[in-house]
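Listed below, chain by chain, are the residues.
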Amino acid sequence: MNRRDLLKFITAATGVAFVGGKALAYENLPVVALSDTGFSKEDVAFFNELGEVILPRTDTPGAKDADVGSCMAVLVADCYHPTMQKTFKEGLVTLKKRAEKEYGKDFLLLSAEQKMELLSALDEEAKAYNAKKGIWGDVAMSNPNAGAPWDEELVAPHYFSLIKQLVLFSFFTSEVGSTKVLRYVAIPTKYEDIPYKKGDRAWAT
């Protein structure tokens, strides 16, 4: 799966174009240490827990195996407009409070079924919220987002959309995601016409 296909997939899965994509496209960013992101190891562990609900380990690796949390922290710190950073961080607080309110305990202590139930509800709410705000693809129809992520009038999508996007992007660009889940050929040699069989994994490029 090349980068363009991945971004199309993320847009289809979340209803919003990948936030921060322009920064990734136009800037060659140096490696960022976790200490420089404003997030802690506990935050990264929490991101991994969220990711594992969205992309759980089955017969293939899951989000925790790819350590999506570390990548998510860097992407938010390096590629997000301040508006998006604020939405993301406040959203995490809201998510934790909702878990406490609805289940009477911390998100990390919920059962797998409860975590799935909560995030599924948030996913539906996010779609409705984004539709109400007129956000789709690169443009918020009622509030143009064409300048994202640099526009001062930037309209942020629902915080869960940001979480889901980061999990998907971090996973499918990781070594685990691209080699253990997608099919991968490190050095192409010759043209081969390989017939597709139903259930075959996509190719990583």
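Residues numbered from 1 in each chain as written. Predicted model: local features only at pLDDT ≥ 70, side-chain atom pairs only at ≥ 80, totals over all residues. Heavy atoms only, no water.

1. Section: the side chain of S174
What counts, and what does not: A run of H or I in DSSP becomes a helix once it reaches four residues, and a run of E becomes a strand once it reaches two; helices and strands are each numbered from the N terminus. With a 1.4 Å probe rolled over the protein chains alone, any residue whose accessible area is under 20% of its type maximum counts as buried; one over 50% counts as exposed, and the rest are partly exposed. Whenever two N or O atoms come within 3.5 Å, that pair is a polar contact, provided that in protein one can donate a hydrogen and the other can accept it, and provided that, for residues adjacent in sequence, both atoms are side-chain atoms.
One can find S174 in the loop between α8 (159-172) and α9 (175-181). A relative accessible area of 12% places S174 in the buried class. Here the side chain of S174 touches F171 through a polar contact of 2.6 Å, landing on its backbone oxygen.

2. Observations regarding the side chain of N130
We count it as follows: Contacts are residue-level and defined by heavy atoms, with any inter-residue pair within 4.5 Å sufficient.
Mapped onto the secondary structure, N130 falls in helix α7 (residues 112-133). Given the relative accessible area of 3%, N130 is considered buried. Beyond its immediate sequence surroundings of up to four residues, N130 is in contact with T14, V16, I135, P157, H158 and S161.

3. Some points on the nonpolar core
Worth spelling out the cut-off: What we call a nonpolar core is a set of buried Ala, Val, Leu, Ile, Met, Phe, Trp, Tyr and Cys residues that are connected through their side-chain atoms within 4.5 Å.
Judged by nonpolar contacts, the single largest core of 42 residues is most densely connected at F88, L95, F107 and I163. Mapped onto this core, the elements with two or more residues apiece are α3 (41-54), α4 (63-66), α5 (68-79), α6 (82-103), α7 and α8. A total of ten residues in this core trace back to one element, the largest contributor, which is α8. When near neighbours in sequence (up to four residues on either side) are disregarded, I163 contacts L50, I54, M72, F88, L92 and L95.

4. Points about the pattern of salt bridges
Applied cut-off: Salt bridges are counted wherever a side-chain nitrogen of Lys or Arg sits within 4 Å of a carboxyl oxygen of Asp or Glu.
Counted by the stated rule, this structure contains nine salt bridges. The partner of E125 in a salt bridge is R98, with the nearest N and O atoms 2.7 Å apart. Taken together, the residues E125 in helix α7 and R98 in helix α6 connect sequence positions 27 residues apart. A relative accessible area of 32% means that E125 is categorised as partly exposed. A salt bridge links D123 to K127; its shortest N-O distance comes to 3.8 Å. In this pair, D123 and K127 both sit in helix α7, four residues apart, roughly one turn of the helix. Relative accessible area serves as the criterion here: at 15%, D123 is assigned to the buried category. Given the relative accessible area of 39%, K127 is considered partly exposed.

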